[in-house]
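So you can see what is in the structure, the chains are spelled out below.
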Amino acid sequence: MYPQIVIDINKYKQNIKYLVDRCTNRGVKVWIVTKSFCAYPDIVSHLVDCGIDGLADSRIQNLKKMKDIRVKKILLRIPMIDEAEDVVLWSDYSLNSEIDTIRALGEKAKKIGKRHRVIIMLDMGDLREGVWPDDIDDFIKEVLKVDGVEIKGFGTNLTCYGGVIPDENNLGRLTSIAQDMANKYSLDIEYISGGNSSSYYLLEDGRLPNGINNLRLGEVAILGRETAFGKKIDSLSDDTFILKAEIVEIKKKPSVPIGNIGMDAFGNKPHYEDRGIIKRAIVAIGRQDINPEGLTPLDKNIDILGASSDHTILDVTRSNINYKVGDVVEFKLDYGSLLKAMTSEYVNKVVI
Ligand SMILES: *Cc1c(COP(=O)(O)O)cnc(C)c1O
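Just so you know, these numbers come straight off a predicted model, no measurement behind them. (Residues numbered from 1 in each chain as written. Predicted model: local features only at pLDDT ≥ 70, side-chain atom pairs only at ≥ 80, totals over all residues. Heavy atoms only, no water.)

*Asks:* Help me understand the overall build of the protein, please; the structure alone is not making it clear to me.
*Replies:* Along the protein, the regular secondary structure elements total 10 helices and 16 strands. Judged by the C-alpha coordinates and their principal axes, the protein covers about 75 × 40 × 40 Å. Residues counted as buried form 49% of the 352 residues belonging to the protein. Contacts spanning at least 24 positions in sequence make up 64% of the contacts within the protein whose residues lie at least 6 apart. Split by element, the accessible area of the protein, about 16600 Å² in all, is 47% carbon and sulfur. Across the protein, the centroid of the 48 positively charged side chains sits 3 Å from that of the 52 negatively charged ones. (Helix = DSSP H or I, 4+ residues; strand = E, 2+ residues; numbered from the N terminus. Buried < 20%, exposed > 50% of the residue type's maximum accessible area, 1.4 Å probe, protein only. Contact = heavy atoms within 4.5 Å. Areas by Shrake-Rupley, 256 points an atom, 1.4 Å probe, with all protein chains shown as cover. Lys, Arg positive; Asp, Glu negative; His and termini not counted. Charge placed at Lys NZ, Arg CZ, Asp CG, Glu CD.)

*Asks:* Before we go on, may I ask you to explain the nonpolar core in this structure?
*Replies:* As a rule of thumb, nonpolar side chains are buried together in soluble globular proteins. Membership of the largest hydrophobic core comes to 92 residues, with the highest contact counts inside it found for Y12, I32, I120, F154 and F241. Looking at this core element by element, the count peaks at 7 residues for helix α7 (residues 168–185). When we break this core down by domain, the ones giving at least three residues each are domain 1 (9–223) and domain 2 (241–351). Excluding residues that lie within four positions of it along the chain, I120 makes contacts with N96, I102, V131, I136, F139, I140, V143, I151, G153, F154 and G155. (Core = buried A, V, L, I, M, F, W, Y, C linked by side-chain atoms within 4.5 Å. Domains from an automatic or database assignment.)

*Asks:* Mind showing me how you'd approach the packing of aromatic side chains here?
*Replies:* Two aromatic rings, taken as a pair, are described by how far apart their centres are and by the angle between their planes. Throughout the structure, instances matching the rule amount to 7 aromatic pairs. On the numbers, 5.0 Å between centres and 85 degrees between planes, the contact of Y201 with F229 is edge-to-face. Taken together, the positions of Y201 in helix α8 (residues 200–204) and F229 in the loop between α9 (219–223) and β10 (241–254) put the pair 28 residues apart, joining distant regions of the chain. According to the relative accessible area criterion, F229 is exposed, its value standing at 54%. In this structure an aromatic cluster arises from ring pairing among Y12, F37 and F241. It is R117 that lies over the ring of Y93; its NZ or CZ is 5.3 Å from the centre. Above the face of the F266 ring, R287 is positioned so that its terminal group lies 5.5 Å from the ring centre. (Phe/Tyr/Trp six-rings, centres within 6.5 Å; stacked < 30°, edge-to-face > 60°. Lys NZ or Arg CZ within 6 Å of the ring centre and 35° of its normal.)

*Asks:* Would you take a moment to explain unusual backbone geometry for this structure?
*Replies:* Looking along the chain, the bond that leaves Y2 and enters P3 is cis, with omega of -5 degrees. Look at A39: it is not a glycine, yet its phi comes out positive at around 50 degrees. Summarising the element assignment, A39 is placed in the loop between β2 (29–33) and α2 (41–44).

*Asks:* Before we go on, may I ask you to explain the packing of helix α6 (residues 136–144) against α7 in this structure?
*Replies:* Put simply, α6 and α7 touch, their axes get as near as 11 Å, and they point 45 degrees apart. Here α6 lies oblique to α7, going by the angle between them. Judged by the sense of rotation from one axis to the other, the crossing of α6 with α7 is right-handed. Two secondary-structure elements touch here, α6 through I136, D137, I140, K141 and L144 and α7 through I177, M181, K184 and Y185. For the contact of α6 with α7, the class distribution of residues is 6 nonpolar, no polar and 3 charged. (Axes fitted to C-alpha atoms, helices over the stretch in contact; angles between N-to-C directions. Parallel < 35°, antiparallel > 145°, perpendicular 65-115°, else oblique. Left-handed = near helix turned anticlockwise from the far one by under 90°. Nonpolar A, V, L, I, M, F, W, Y, C, P; charged D, E, K, R; others polar.)

*Asks:* Sorry, what's going on with the environment of D239 here?
*Replies:* Tracing the sequence through the fold places D239 in the loop between α9 and β10. Among the residues examined, D239 registers a relative accessible area of 26% and is labelled partly exposed. When residues no more than four places from it in sequence are discounted, the contact partners of D239 are K11 and K332. Within the structure, the side chain of D239 is placed 3.0 Å from the side chain of K11, a separation counted as a polar contact. (Polar contact = N/O pair within 3.5 Å; in protein donor to acceptor, adjacent residues only side chain to side chain.)

*Asks:* Help me understand the site of the ligand, please; the structure alone is not making it clear to me.
*Replies:* Taken together, 13 residues surround the ligand, and among them K35, S197, R216, G218 and E219 come closest. In this structure, an oxygen atom belonging to the ligand sits 2.8 Å away from a side-chain N or O atom of K35. At 2.5 Å from an oxygen atom of the ligand is found a side-chain nitrogen or oxygen belonging to S197. Looking at the shell around the ligand residue by residue, the classes come out as 4 nonpolar, 4 polar and 5 charged. (Near = heavy atom within 4 Å.)

*Asks:* Sorry, what's going on with the pairing of strand β6 (residues 116–122) here?
*Replies:* Consecutive side chains of a regular strand alternate in pointing toward one face of the sheet and then the other. Most of β6 is tucked away, with 6 of its 7 residues classed as buried. Bridging between strand β5 (residues 93–96) and β6 involves 4 bridges; their strand directions are parallel. Note on β6: the bridge partner recorded for Y93 is R117. In this view, the connection linking β5 to its parallel neighbour β6 by way of helix α5 (residues 99–111) has right-handed handedness. Direction of pairing for β6 relative to strand β7 (residues 149–156): parallel, over a ladder of 7 bridges. (Pairing = 2+ DSSP bridges. Right-handed = clockwise from strand over helix to strand, strands pointing away.)

*Asks:* Sorry, what's going on with the UniProt feature "domain: Alanine racemase N-terminal" (unreviewed entry) in the protein here?
*Replies:* Here, UniProt's "domain: Alanine racemase N-terminal" (unreviewed entry) annotation points to residues 7–218. Helix makes up 37% of residues 7–218 and strand 19%, whereas the separation of the span's terminal C-alpha atoms amounts to 15 Å. (UniProt positions renumbered as here; feature names shortened; annotations may be inferred.)

*Asks:* Teacher, can you tell me more about the state of the cysteines here?
*Replies:* The bond known as a disulfide is covalent and runs between the sulfur atoms of two cysteines. Counted under the stated rule, the structure contains 0 disulfides. Here C23 stays unpaired: no disulfide links it, and the sulfur of C50, its closest cysteine neighbor, is 13 Å away. According to the relative accessible area criterion, C23 is buried, its value standing at 0%. C38 provides the cysteine sulfur closest to C160, a residue in no disulfide bond, and the two sulfurs are 17 Å apart. (Disulfide = S-S within 2.5 Å.)

See below:
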């Protein structure tokens, strides 16, 4: 059934194996991040034999779905106090930056007779989550008073809100703070987690600071590109996930609408390029499932003209293929479209 997203599990596994291999050679353990595909069980079940150290997701519901998979599970988004019980039940580690939340985790952990492992996040400048480095000493003192939790490491996240690129400077500071704290408070530090796919380029360049022993990798494994500069990595596939959508109308029509132009379906005043009479195809997928800007047709002679909630309009005039109603058009997806398509219940997921 269309639309569908086809996951080439072998390509995806090859990508992961390559990354794990590169990282392991440099003493870096890999957590594969499953949030962009909602930890879809038919995908996740294939990943445990790829040499990974753990599976990480931002949503506790996704980690719960993996409860029968025997691998370390890490909650990436700093927890809500409201979900503390689920966090200690379904994750082995969680990333944290708030003392009240850590207290709530400790409470729940004690209640079920567990000790919950926390990774303390430091904000190295990207201004999303993390304890400010000046405050870390006081913060650790408070965490050490909490029963039921153990500090198992430090981490940071970059290139998410602020667009800050990981480098020897910010990641070097992370390692030195982590090591100072570990020495000062005799912490049993298992991880110094140096970021997401945007830190991977440092490892390829041999510039990842000593001491960083973990990366949390999502996008680079799926889309085959690092995310600090957006560079394709030669040895990785960039077509592990492919979207297929069916043509429901194909007609020759003008490229500029007829009549007075008001607003489009999303309240924007549109602009149209005059391409004369063109052959236009409508595929049955829309903004509810993808961002049209985030799709790349595999047929390089197709242009995407726009989309409303349920329709995406293509200019197929230049294509060598004589498309007909019922034909299927294939696309690569960027991160945002992948996220939407995997989350959309209208898009079938097919693992091959
Ligand atoms: C999403 C996320 C990641 C993975 O990011 P990618 O760019 O997909 O590798 C890593 N860490 C945290 C905290 C995240 O939220």
